[in-house]
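Below are the chains, spelled out letter by letter.
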Amino acid sequence: MESNKVSPPSTTIGKLSRTISRTSSGGGSGSIILNKYQLGRLLGRGSFAKVYYGRSLEDQNNVAVKVIDKNSSIDGGLMEEFLIREVSAMRRLNHHPNILKLHEVMATKSKIYLVMELAPGGELFSKLQQRGRFSETVGRGYFHQLISALHFCHQNGVTHRDIKPQNLLLDQNGNLKISDFGLSALPEQLKNGLLHTACGTPAYTAPEVVYRKGYDGAKADAWSCGVILYIFLVGSLPYDDSNLPIMYRAIHKRAYDMPDWVSKPARNIIYRLLDPNPSTRLSIEELMKLSWFKKSEKGIKKPEEICNVFPEKGCKNYLSRMNAFDIISMSSGLNLSGLFEVGLSKKEIRFTSSAQVVDIEERVVKVGGELGYKVERGKAGGLGLVKGGSLILIVEILEVAQELWLVEMKVMDERRTIEFQESQWEELKVGLGDIALAWYNEYDCS
């Protein structure tokens, strides 16, 4: 793998900000963003974003544009965590035919735009509601596409953790597309090979997820697939009770109704996927070998076939040791610098690091001492580099994702700005170099 060095974003955001004279407040019919896309009607809204129909002004192709307001009332740290996770997951998975594609990410000082593949067929949930339930042939076809996509996710180190009909979309040809990776998990979130965050929608979430004792993300996704297959063939949830303790008691007893019209092989698969014990639950790999599942394989690309077409993007273990910012740096159409450059000046510099906080602080103390500064800890947190009794530089370490830190260094003494511009920034950078993943600043620090 090539070096993990990330090229500095330079003045991209400043340039983008000067191009939006024709942009409205950030979303709405007819507004134009960054001279590239025209927004149309509102397609939907989530906790911290709105999704609009869009059209590329370059090639006239239709797209979906998710607009995130960075000044939203939603907790900023939570929003950034979801965003980084979603972008990281989608970039890893961008070449599977049943996963919604991410085309481009752009940012201004106030908004972030995720330009994605448009799924004009809407939610599969709506189609299911209209029909009541699917025939076994139709349901198996959609289920096959879902499993193919999730197998590809797991091969690339991503677990979705929020599989439900509302997150399954349809393209213009009626093919399934998995969307919404905001709750997905990446390899760097594993502790002792397990995940520990309880998330998802209760009626679709594996029982072990809520216990906070650690769980296998792939097995948790398999449980959700069992719920989905039941919904496809029966038309209702296997477990659905507003009283969660009652619902979980039913889950552990496997107390759900199974109508007569569901075939014996399909019943068996649902039963094995809805096993409350993850160690004996049917895995996705085992499921793919069953004859009932294989009946709808014709014409659907398998993950290994995608590897042959896109060897650099789709193969097992690709990017398995990389974090969100490494992925961002390797994606030519991807720019999240707006998250980290708002208000940045020549008196500030920032970098990301996956080192432990104590190691970052120890390195700052060491490098600061070598440059003739006394390092003190501030009352409100952070470190201060002091010289001659004056606070010259303040260093703050902020968590932006699990095991990923943003380190901000700001000159506090105006008289030292020129000194830092010309020499000290470079010395700091050299001293901190091996713990920094990426540098973000207004001038070249590469």
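Everything quoted here is computed from the prediction, not taken from an experiment.

This brings us to the pattern of salt bridges. Applying the stated criterion across every chain, the model contains 11 salt bridges. Here Lys-374 and Glu-376 are joined by a salt bridge, their closest N and O atoms 3.5 Å apart. Overall, Lys-374 belongs to the exposed group, its relative accessible area being 53%.

Taken N-terminus to C-terminus, the directions of helix H5 (residues 217-234) and helix H7 (residues 264-273) make an angle of 145 degrees; their axes are 8 Å apart at the nearest point. As for how H5 packs across H7, the hand of that crossing is left-handed. Contacts between H5 and H7 involve Ala-222, Trp-223, Cys-225, Gly-226, Leu-229, Tyr-230 and Leu-233 from the first element and Ala-266, Ile-269, Ile-270 and Leu-273 from the second. The class makeup of the residues in the contact of H5 with H7 is 10 nonpolar, one polar and no charged.

Next up on the list: the packing of aromatic side chains. Enumeration over the complete set of coordinates arrives at eight aromatic pairs. Here the aromatic cluster, defined as three or more aromatic residues joined through ring pairs, consists of Trp-223, Tyr-230, Tyr-239 and Tyr-256. Over the ring of Trp-261 we find Arg-133, and its NZ or CZ is 4.1 Å from the ring centre. Its end group placed over the ring of Trp-292, Arg-140 keeps NZ or CZ at 5.1 Å from the ring centre.

As a further point, take the confidence of the model for the chain. Residues with a pLDDT of 70 or more make up 73% of the chain, whose mean pLDDT is 75. The secondary-structure element of the chain with the lowest mean pLDDT is helix H1 (residues 12-17), recorded at 30, while H7 shows the highest, at 97. Overall, residues 1-26 carries pLDDT values under 50, and its contacts beyond four positions in sequence, including any with other chains, amount to 49 contacts. Across residues 298-346 the pLDDT falls below 50, and counting only partners more than four positions away or on other chains, this stretch makes 118 contacts in the model.

The next subject is the environment of Lys-253. Mapping Lys-253 onto the fold places it in helix H6 (residues 244-253). Classification of Lys-253 by relative accessible area gives exposed; the value is 67%. Separated by 23 residues in sequence, Lys-253 and Pro-276 place their C-alpha atoms 8.4 Å apart.

Moving on: the packing of helix H4 (residues 136-155) against H5. It is at 10 Å that the axes of H4 and H5 come closest, and there the two elements cross at 165 degrees. Classified by the angle between their axes, H4 and H5 sit roughly antiparallel to one another. Relative to H5, the crossing made by H4 is right-handed. Every residue of H5 that contacts H4 at Glu-136, Gly-139, Tyr-142, Phe-143, Leu-146, Ile-147, Leu-150 and His-154 is listed here: Ala-218, Asp-221, Cys-225, Ile-228, Leu-229, Phe-232 and Leu-233.

One open sheet holds the six strands; their spatial order is S1-S2-S3-S4-S6-S5, and the pairing between them is antiparallel. Edge positions in the open sheet fall to strand S1 (32-33) and strand S5 (102-107), since each of these has one partner strand only. Relative to strand S4 (residues 62-69), strand S3 (residues 49-56) runs antiparallel, the two sharing seven bridges. Among the inter-strand pairings, Lys-50 is bridged to a residue of S4, identified as Val-67.

Rules of the game
Residues numbered from 1 in each chain as written. Predicted model: local features only at pLDDT ≥ 70, side-chain atom pairs only at ≥ 80, totals over all residues. Heavy atoms only, no water. Salt bridge = Lys/Arg side-chain N within 4 Å of Asp/Glu carboxyl O. Buried < 20%, exposed > 50% of the residue type's maximum accessible area, 1.4 Å probe, protein only. Axes fitted to C-alpha atoms, helices over the stretch in contact; angles between N-to-C directions. Helix = DSSP H or I, 4+ residues; strand = E, 2+ residues; numbered from the N terminus. Left-handed = near helix turned anticlockwise from the far one by under 90°. Contact = heavy atoms within 4.5 Å. Nonpolar A, V, L, I, M, F, W, Y, C, P; charged D, E, K, R; others polar. Phe/Tyr/Trp six-rings, centres within 6.5 Å; stacked < 30°, edge-to-face > 60°. Lys NZ or Arg CZ within 6 Å of the ring centre and 35° of its normal. pLDDT = per-residue confidence, 0-100. Parallel < 35°, antiparallel > 145°, perpendicular 65-115°, else oblique. Pairing = 2+ DSSP bridges.

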